[in-house]
Amino acid sequence: STLGKIQYETLIYLESRILNFYTIYNNLPNYATVNSWSTSNTSSSSSEIPSSYSIYLEATSNCQSTNQNIIDLANSITAGKTSDYAKASAIFDWVSEHTTYAFYYNTVKGALGTLSSGSANCCDTTHLLIALTRAAGIPARYEHGTCTFSTGTFGHVWAQVYVNGKWYYADAVSERNSFGVINNWDTSNWTLVGIYAELPF
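Residue positions are given per chain, counted from 1 along the sequence in the order it is written. Only residues with pLDDT of at least 70 get local features here, since the model is predicted, and only at 80 or more are side-chain atom pairs given and counted; chain-wide, interface and lining totals rely on the full set of residues. Calculated side-chain values reflect all of the structure's heavy atoms, with hydrogen atoms and water omitted.

Let's talk about helix α5 (residues 110–117)
Since the α-helix turns once every 3.6 residues, residues separated by three or four places project in the same direction. Counted only if it meets this: Exposed residues in this analysis have more than 50% of their type's maximum accessible area, buried residues have under 20%, and partly exposed residues fall in between, with area computed by a 1.4 Å probe over protein chains only. To qualify as a helix, a DSSP run of H or I must reach at least 4 residues; to qualify as a strand, a run of E must reach at least 2; elements of each kind are numbered from the N terminus. This arc is built from the directions going out from the helix axis to the C-beta atoms. Residue contacts follow a heavy-atom distance rule, with two residues in contact if any of their heavy atoms lie within 4.5 Å.
Looking only at α5, the buried set comprises Gly 110, Ala 111, Gly 113 and Thr 114. One side of α5 carries all its buried residues, which in axial view fall inside an arc of 170 degrees. The inward-facing, buried residues of α5 contact α3 (68–78), β2 (119–120) and α6 (122–135). Remark: Gly 118 follows α5 within two positions and exhibits a positive phi of approximately 80 degrees.

Description of the nonpolar core
What counts is decided by this rule: Think of a nonpolar core as a cluster: buried Ala, Val, Leu, Ile, Met, Phe, Trp, Tyr and Cys residues, connected wherever their side-chain atoms sit within 4.5 Å.
If you look at the biggest cluster of nonpolar residues, it comprises 32 residues, and the most contacted ones within it are Leu 132, Val 161 and Phe 179. Counting residues per element, the ones that place at least two in this core are α3, α4 (84–98), α6, β3 (140–149), β4 (152–163) and β5 (166–170). With seven residues, α6 is the single largest residue contributor to this core. Apart from the residues within four sequence positions on either side, Leu 132 is in contact with Ile 70, Leu 73, Ala 74, Ile 77, Ile 91, Trp 94 and Val 95. Tyr 25, Phe 149, Trp 185 and Trp 190 belong to the second largest nonpolar core, which has nine residues in total.

Some words on the packing of aromatic side chains
Stated formally: Ring pairs are drawn from Phe, Tyr and Trp, using the six-membered ring of Trp, whenever the two centres fall within 6.5 Å, and their geometry is named by plane angle: stacked under 30 degrees, edge-to-face over 60, tilted for the rest.
Scanning all chains against the criterion turns up 15 aromatic pairs. Taken together, a centroid distance of 5.7 Å and an interplanar angle of 75 degrees make the contact between Trp 185 and Trp 190 edge-to-face. A residue is classified by how much of its surface remains accessible, and Trp 190, at 16% relative accessible area, is buried. Linked through ring pairs, Tyr 53, Tyr 56, Tyr 162 and Trp 167 together constitute an aromatic cluster.

Things to note about the layout of surface pockets
We count it as follows: Here a cavity means grid points, on a 1 Å grid over the protein atoms only, where a 1.4 Å probe fits yet cannot get out; a pocket means an open set of points with protein on both sides within 12 Å along at least five of seven lines; lining residues are those with an atom within 4 Å of a point. Grid points are joined across faces, edges and corners, and a volume is the space filled by probe spheres set on the points.
Computed from the structure, the second largest pocket encloses a volume of approximately 490 Å³. Taken together, 21 residues make up the lining of the second largest pocket; nearest its centre are Tyr 101, Phe 103, Phe 154, Gly 155 and His 156. The set of elements that each furnish at least two residues to the lining of the second largest pocket consists of α6, β3 and β4. The element contributing the most residues to the lining of the second largest pocket is β4, with four residues.

Observations concerning the pairing of β5
The criterion, for reference: Whether two strands pair comes down to DSSP finding at least two bridges between them.
Buried residues dominate β5, accounting for four of its five residues. As judged from the five bridges shared by β4 and β5, these two strands associate in the antiparallel manner. Across the sheet, Val 161 pairs through a bridge with Tyr 168, a residue of β5.

So, the sheet that holds β3
Backbone hydrogen bonds are what pair the strands of a sheet, in a parallel or an antiparallel way. The test is simple: Here an axis means a line fitted to C-alpha atoms, over the contact stretch when the element is a helix, while the angle between two N-to-C directions is reported on a 0 to 180 degree scale.
Reading across from one edge, β5-β4-β3-β6 is the order of the four strands in this open sheet, with antiparallel pairing throughout. In this open sheet, the two edge strands, each paired with only one partner strand, are β5 and β6 (191–196). For this sheet the average axis-to-axis angle between neighbouring strands, irrespective of direction, equals 30 degrees. The pairing of β3 with β6 spans five bridges and is classified as antiparallel. Note that in β6 the partner of His 144 across the bridge is Gly 194. Set on the sheet, α4 makes contact with β4 and β5; between it and β4 the angle comes to about 145 degrees.

Details of the pairing of β3
The element β3 is extensively covered by neighbouring structure, given that eight of its ten residues are classed as buried. One ladder, built from ten bridges, connects β3 with β4; its direction is antiparallel. The residue bridging His 144 from the neighbouring strand is Val 157, located in β4. The hairpin formed by β3 and β4 contains two residues between the paired strands.

This is the structure we're talking about:
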């Protein structure tokens, strides 16, 4: 190929990732990166983060991951945790336990405002979750969809957190959810609106 010689194992692995993305989101990804088979085959290492995911570690105006209060809290929550999965789970649990749901539209408080008030909608809860996760050195991004809850169908925002070569759902607005598991809306029937490094609303 124009990239040079690519082992068939690498091509099969890449194809499987594209098909998995299509199965989940019902559309093709905008791009896919190709690593060597030896790298792809050992992607469970928590220290390996694709360079293209660096945007999911950056601070934004509402995701203040470089703020000292956020950094200190992330360090406190993850103290003693030796794996990224354990750190991400601990951050998810902390946000879920320390933030109550409040209904309003779009971003109002950002991560710092949510931290100080202790209540937020899905956008601001996700800002706090992603800020803490990024402060811990773990990539995280926003997912926006139209989802069906027991009370109706609404626009909704939650996080995806990159651990051990995989993106995990992280929806901290309901105590029914856990890291990687969503129970408060129908995950078998929803519509993807967008995936973002910075939430645009």
